[in-house]
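Residues per chain, in single letters:
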Amino acid sequence: LFHQGDVGDKAYIVMHGEAEVLVDSPQGPLAVARLGKNALIGEIAILIDVPRTATVRAVNELTTLAISKDLFFRMVTEFPEMAIEILRELAHRLEHTTSQLRAALAGLRGT
């Protein structure tokens, strides 16, 4: 779908299939998530106007619905319950990332 560092002008909803989220690391691409049906992908770049924070590629046959930045903002304005669900998903991802970071740091301190 896109590469880390690309300009983000749309988000995607997975309709069918799976996508893998990869981030660049000194050792090469690192898989950090696998997303399936109904997953929202690429929203960070359009929410805060930053380059793509990860690379997302299809794992198998992938069908997505592309949502332009303008449409995305219109949808969350017109349907506040959608905005709440997106906030919940982002909070869940942040909590998961924080847990992974905590575990990684604990592992480093234990060595």
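The text that follows walks through the structure, step by step, so that each part is easy to find. (Residues numbered from 1 in each chain as written. Predicted model: local features only at pLDDT ≥ 70, side-chain atom pairs only at ≥ 80, totals over all residues. Heavy atoms only, no water.)

Counting its regular elements, the chain contains three helices and six strands. Within the chain, the fraction of its 111 residues that count as buried is 24%. Here the chain has roughly 7500 Å² of accessible surface; of this, 60% comes from carbon and sulfur atoms. Computed over 11 positive and 14 negative side-chain charges, the inter-centroid distance for the chain is 4 Å. (Helix = DSSP H or I, 4+ residues; strand = E, 2+ residues; numbered from the N terminus. Buried < 20%, exposed > 50% of the residue type's maximum accessible area, 1.4 Å probe, protein only. Areas by Shrake-Rupley, 256 points an atom, 1.4 Å probe, with all protein chains shown as cover. Lys, Arg positive; Asp, Glu negative; His and termini not counted. Charge placed at Lys NZ, Arg CZ, Asp CG, Glu CD.)

It is worth spelling out the packing of aromatic side chains at this point. Counted under the stated rule, the structure contains two aromatic pairs. Arranged with centres 5.8 Å apart and planes meeting at 90°, the rings of Phe72 and Phe73 form a pair that is edge-to-face. (Phe/Tyr/Trp six-rings, centres within 6.5 Å; stacked < 30°, edge-to-face > 60°.)

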